[in-house]
Amino acid sequence: MKVHEYQAKELFARYGVEVPRGRVAATPAEARAIAEELGGKVVVKAQIHAGGRGKGRLVAEDGTAAMFARLTADAAAHEGQVRGERVGGVRLADTPAEAEREAASILGHHLVSIQTGPEGRRVQRVLVEEQSAVARELYLAIIVDGARGTPLIMASTEGGQEIEAVAARDPDAIARLAVNPATGYEPYIGRTLAARLGLAGEQAAALGKLAANLCRAAVESDASLAEINPLAVTADGRVLALDAKFTIDDNALFRHEDLAALRDRDEEDRLEVLAAELGVANFIKLDGDIGCIVNGAGLAMATMDTIKLAGGEPANFLDIGTVNDPSRVVNAIRVISEDPSVKAILVNIFGGMARVDVIAQGVIDAERELGLKLPVVMRLVGTNLAEGERLLAEAGLDVIRAESLGEAAAKAVAAARA
Ligand code: GDP
Ligand code: MN
């Protein structure tokens, strides 16, 4: 689960990670009042769960797709505007009146960045912060390194730009330091980071303290990502988090009621929210056009791979689990059918604990309840296959059958293109 920048900064502040003074506003008048409190010169920042806001653009709802196409076609032509141009999702304002005006042109509009996708995101809040005199922009993040099984601290002198681009250009420009889970953060890590970032004296000490506190915040919150980009070194020598991204492992939310309360459903994928509401547990929206209904996470991954091998693109990951109630299948089809990009559905079931007849009944019920408008390819094997076959034959359902997964994927790709 992602949280907003302002929420991440409130958390950082509680852990002693230095952030600019500021508060969140939902109206232009509130933004003005906060700017007055802060002494006038502020940064007004759109709060959405996507990065690249500084280089994004605000448009009306019907203009998001065209803007996304423009931004992705020529990212370089839309370079930053914090300094000067007032068009992106991060703007400088020198007076409270300006802050109010900038907030008014951000709030309620759709922000499109190269990370939002073609739908953009409607901005409902802005963070109003004191301006910082930035001397250097660094990068600092903590992620969970699944391969090593440790937190991993990453740092770079190339802050303020996408770290993926830095990694692609020059992997050595990113320092990587593992945190031993048994000992936790150790001071040598801060010293090593400071040396790699070219910080000495008080700044090195400040960085060490900040990294230690960030590490504690991340570990105690079960974060899978805590990212500060840019980490600013100010003209007066302070080290502070200008931006903040924080992602909490969904599987750990049960033990963080306070963090779970930060969830913003408006920022989450519409289909994933619907899936959760309908109890279709393991559903992840993807960008392709073939909807997948599969039992078992491993088989779901293999099905996605096979679709790609056949030249297609899966529209979702879905592990429907051990189904003993046809309504689960109906709900899965309901969610998939809500996705306008889906052109065909592939049902791939390896019946073990899950019974093929229950799945077949689910597809039959879906046809009755929803009226299946999409071609459905079914590959069924395993428990109660004969009974499933009988049900499908009796219902006279118009589905495309396949014997093997390879054949099913090829038929789904063909059906999606037809
Ligand atoms: P992002 O584009 O979504 O990653 O949003 P950021 O919070 O990183 O803001 C984009 C850029 O705005 C940063 O890389 C900074 O260069 C700039 N910026 C943000 N806050 C300030 C500030 O207080 N002072 C100055 N001078 N620049 C800022
Ligand atoms: Mn940033």
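Residues numbered from 1 in each chain as written. Chains lettered and ligands numbered in written order. Predicted model: local features only at pLDDT ≥ 70, side-chain atom pairs only at ≥ 80, totals over all residues. Heavy atoms only, no water.

This paragraph deals with the side chain of Asn-213. Structurally, the position occupied by Asn-213 is in helix H7 (residues 201-220). Taking relative accessible area as the criterion, Asn-213 reaches 12% and is therefore assigned buried. Excluding residues that lie within four positions of it along the chain, Asn-213 makes contacts with Tyr-15, Gly-16 and Val-17. (Helix = DSSP H or I, 4+ residues; strand = E, 2+ residues; numbered from the N terminus. Buried < 20%, exposed > 50% of the residue type's maximum accessible area, 1.4 Å probe, protein only. Contact = heavy atoms within 4.5 Å.)

Before going further, it helps to spend a moment on unusual backbone geometry. The omega angle of the peptide bond from Asn-229 to Pro-230 is 10 degrees, so this bond is cis rather than trans. Position of Pro-230 among the secondary structure elements: in strand S12 (residues 223-234). Despite not being glycine, Asp-222 has its phi angle at roughly 55 degrees, a positive value. In this structure, Asp-222 sits in the loop between H7 and S12. Here Asp-222 falls in the buried class, since its relative accessible area comes to 19%.

Turning our eyes to something else, we now look at the site of ligand 1. Around ligand 1, 18 residues are found, and the nearest of them are Lys-45, Arg-53, Gly-54, Glu-137 and Asp-243. Arg-53 places a side-chain nitrogen or oxygen 2.7 Å from an oxygen atom of ligand 1. Protein contacts shield 87% of the accessible area of ligand 1, which totals 560 Å² for the unbound molecule. Those elements giving two or more residues to the shell around ligand 1 turn out to be strand S3 (42-46), strand S9 (134-145) and S12. Its residues assigned to classes, the shell around ligand 1 shows 6 nonpolar, 7 polar and 5 charged. (Near = heavy atom within 4 Å. Polar contact = N/O pair within 3.5 Å; in protein donor to acceptor, adjacent residues only side chain to side chain. Areas by Shrake-Rupley, 256 points an atom, 1.4 Å probe, with all protein chains shown as cover. Nonpolar A, V, L, I, M, F, W, Y, C, P; charged D, E, K, R; others polar.)

Looking now at the domain arrangement of the protein chain. Split into domains, the protein chain comes out as domain 1 (21-130), domain 2 (134-260) and domain 3 (270-417). Placing a centre on the C-alpha atoms of domain 2 and another on those of domain 3 gives a separation of 41 Å. (Domains from an automatic or database assignment.)

Looking now at the packing of helix H10 (residues 297-309) against helix H14 (residues 405-417). Helix packing geometry: the angle between the two helix axes and the distance between the axes. For the pair H10 and H14, the least separation of the axes is 9 Å and the interaxial angle reads 55 degrees. Our classification of the angle between H10 and H14 gives oblique. Like other packed secondary-structure pairs, H10 and H14 cross with a definite hand, here right-handed. The segment H10 lies against H14, with Ala-302, Thr-303, Thr-306 and Ile-307 engaging Leu-405, Gly-406, Ala-409 and Val-413. Each residue belonging to the contact of H10 with H14 can be placed in one class, and the counts come to 5 nonpolar, 3 polar and no charged. (Axes fitted to C-alpha atoms, helices over the stretch in contact; angles between N-to-C directions. Parallel < 35°, antiparallel > 145°, perpendicular 65-115°, else oblique. Left-handed = near helix turned anticlockwise from the far one by under 90°.)

Let us look at the coordination of the manganese ion (ligand 2). Note on the manganese ion (ligand 2): its protein donors are Asn-229 (O) and Asp-243 (OD). The metal-donor distances range over 2.2 Å. Residue Asn-229 is located in strand S12, and its partner Asp-243 is located in the loop between strand S13 (239-241) and strand S14 (245-248); the two are separated by 14 residues in the primary sequence. Across this residue pair, the class does not change: Asn-229 and Asp-243 are buried. (Donors = N, O, S within 2.8 Å, 3.2 Å for Na, K, Ca; no water.)

Turning to the pattern of salt bridges, a few remarks are in order. One pass over the structure, following the stated rule, counts 31 salt bridges. A salt bridge links Glu-267 to Arg-121; the nearest nitrogen and oxygen atoms lie 2.7 Å apart. Separated by 146 residues along the polypeptide, Glu-267 in the loop between helix H8 (257-260) and helix H9 (270-277) and Arg-121 in strand S7 (residues 121-122) bring together distant segments of the chain. The exposure class assigned to Glu-267 is buried, which follows from its relative accessible area of 10%. Counted as one network, the salt bridges with shared partners bring together Glu-5, Lys-9, Lys-45, Arg-53, Glu-129 and Asp-243. (Salt bridge = Lys/Arg side-chain N within 4 Å of Asp/Glu carboxyl O.)

Further remarks concern the sheet that holds strand S4 (residues 57-59). Strand order across the open sheet formed by 3 strands is S4-S6-S7, with antiparallel pairing between neighbours. Strand pairing shows two members of the sheet lacking a second neighbour, S4 and S7, which therefore form its edges. Sheet topology note: the strand S6 (residues 110-112)/S7 ladder contains 2 bridges and is antiparallel. Residue pairing for S7: His-110 is matched across the bridge by Arg-122. Across the sheet, helix H3 (residues 64-73) is in contact with S4 and S6; its angle to S6 comes to roughly 20 degrees. (Pairing = 2+ DSSP bridges.)

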